[in-house]
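The chain contents come next:
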Amino acid sequence: MKKITKVLALALSAALLLPAFAGCSNDDASNSGTEDGEKEKLVIATNAEFPPFEFVVEKDKGIVGEYDGIDIVLMKEIADKLDMELEVSNMMFDSIIGAVSSGKADLAVAGMTVDEERLESLDFTDTYWSAVQTILVSKDNTDITNVESLSGKTVGVVTGYTGDTALSEIEAEKNITLKRYTKGVDAVQELVNGKIDAAVIDSPTAESFIKENPEIKGVTDDEFFATEEYAIGVKKGNTELLEKVNAALKEIKEAGRIEEIAAEVDARLQ
Ligand code: ARG
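Engineer: Outline the site of the ligand, supporting the account with residue identities and numerical values.
Structural biologist: If you check the shell around the ligand, you find 13 residues, and the closest are N47, A110, R118, Y161 and D202. Here a nitrogen atom of the ligand sits 2.8 Å away from a polar atom, N or O, in the main chain of G111. A distance of 2.8 Å separates a nitrogen atom of the ligand from a polar atom in the side chain of T113. Coverage of the ligand by the protein chains reaches 100% of its 350 Å² of free accessible surface. Here the shell around the ligand is composed, by residue class, of six nonpolar, four polar and three charged.

Here it is as structure tokens:
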């Protein structure tokens, strides 16, 4: 009882003293977040459901917290070059662009394909990876050989991914039934269980899913699916950050690190 009173009294006096201390703080708005000895944060918005670019591992076993992947390593190296501290903000893929354009995160780093529509909402760095969409089907499937043959089939896509956008355009015309998932792994599970006929996702992620599920295989259609380029998204008009990230990215690319990082991540995924 006595102890509690003492604690209360202490808390009360601390509360009374606080306003006095607040007045002599050294902080001002212009250097918030950069107190002495503390690095400025670089917050990336991602959706860590996209191996080998970003995925969740055990707590503290990742490159940053529980996060690993090509994008995470790449961003860690960019942040180091900028003398900043990398923070990963994991969210729905659909929320990434809004998070960056509203300033909740600094960069969109999510194996994100640059396209016309996204260029209206964000600015993008130089590209760092090329991919194409892959149609995943069961290994013994022989009738799905291209997009044309998806006619009359049920096809899984991930909401808001470029695969979703591309197939949504021909869904009605080709009589395709699209099923939308929030994670690629869920679409793959449904494919493995025979609930859908195919699933469409970026080639590197497709390969990663094939490795884990020997009962599926990938089919490509170069005539329908264009090559996609991944880049890092920045809030529109933030040229200062864009230029800094581009300079660091350039050094990393020129040193041949992207391929090395991919090989390292691949080895960890085994
Ligand atoms: N490249 C595709 C796109 O831009 C898929 C990206 C998915 N990325 C992720 N981290 N979940 O739409």
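Back to the write-up after that little detour.
Engineer: Outline the sheet that holds strand β10 (residues 177-181), listing residues and values.
Structural biologist: With mixed pairing, five strands are arranged side by side in an open sheet as β10-β9-β11-β8-β12. The open sheet has two edge strands, β10 and β12 (216-219), and neither has a second partner. Sheet twist, expressed as the average angle between the axes of neighbouring strands with direction ignored, equals 30°. With two bridges joining them, strand β9 (residues 154-158) and strand β11 (residues 198-202) adopt parallel strand pairing. For V155, the partnering residue across the bridge sits in β11 and is A198. Relative to β11, helix α7 (residues 203-212) is tilted by about 125°, and along the sheet it contacts β8 (133-138), β11 and β12.

Engineer: Lay out the sheet that holds strand β13 (residues 228-235) with the relevant residues and their values.
Structural biologist: Overall, mixed pairing links the five strands, which are arranged β5-β1-β6-β13-β7 in an open sheet. Strand pairing shows two members of the sheet lacking a second neighbour, β5 (84-90) and β7 (122-131), which therefore form its edges. As judged from the two bridges shared by strand β6 (residues 107-108) and β13, these two strands associate in the antiparallel manner. From the neighbouring strand, A108 faces β13, where its bridge partner is G233.

Engineer: How would you explain the confidence of the model for the chain if you had to name every residue and give the values?
Structural biologist: Mean pLDDT over the chain: 90, with 86% of residues reaching 70 or higher. In this model, residues 1-33 is a region of pLDDT below 50 whose contacts with residues beyond four sequence positions or in other chains number four contacts.

Engineer: Break down the pairing of β9 for me, citing the residues and quoting the values.
Structural biologist: Within β9, four of the five residues are buried, which leaves it mostly tucked inside the rest of the structure. In terms of strand pairing, β9 meets β10 through five bridges, oriented parallel. Its bridge partner being in β10, V158 is matched across the sheet by Y181. Taking the sense of rotation as the criterion, the β-α-β connection linking β9, helix α5 (residues 162-168) and β10 turns out right-handed.

Rules behind the numbers
Residues numbered from 1 in each chain as written. Predicted model: local features only at pLDDT ≥ 70, side-chain atom pairs only at ≥ 80, totals over all residues. Heavy atoms only, no water. Near = heavy atom within 4 Å. Polar contact = N/O pair within 3.5 Å; in protein donor to acceptor, adjacent residues only side chain to side chain. Areas by Shrake-Rupley, 256 points an atom, 1.4 Å probe, with all protein chains shown as cover. Nonpolar A, V, L, I, M, F, W, Y, C, P; charged D, E, K, R; others polar. Pairing = 2+ DSSP bridges. Helix = DSSP H or I, 4+ residues; strand = E, 2+ residues; numbered from the N terminus. Axes fitted to C-alpha atoms, helices over the stretch in contact; angles between N-to-C directions. Contact = heavy atoms within 4.5 Å. pLDDT = per-residue confidence, 0-100. Buried < 20%, exposed > 50% of the residue type's maximum accessible area, 1.4 Å probe, protein only. Right-handed = clockwise from strand over helix to strand, strands pointing away.

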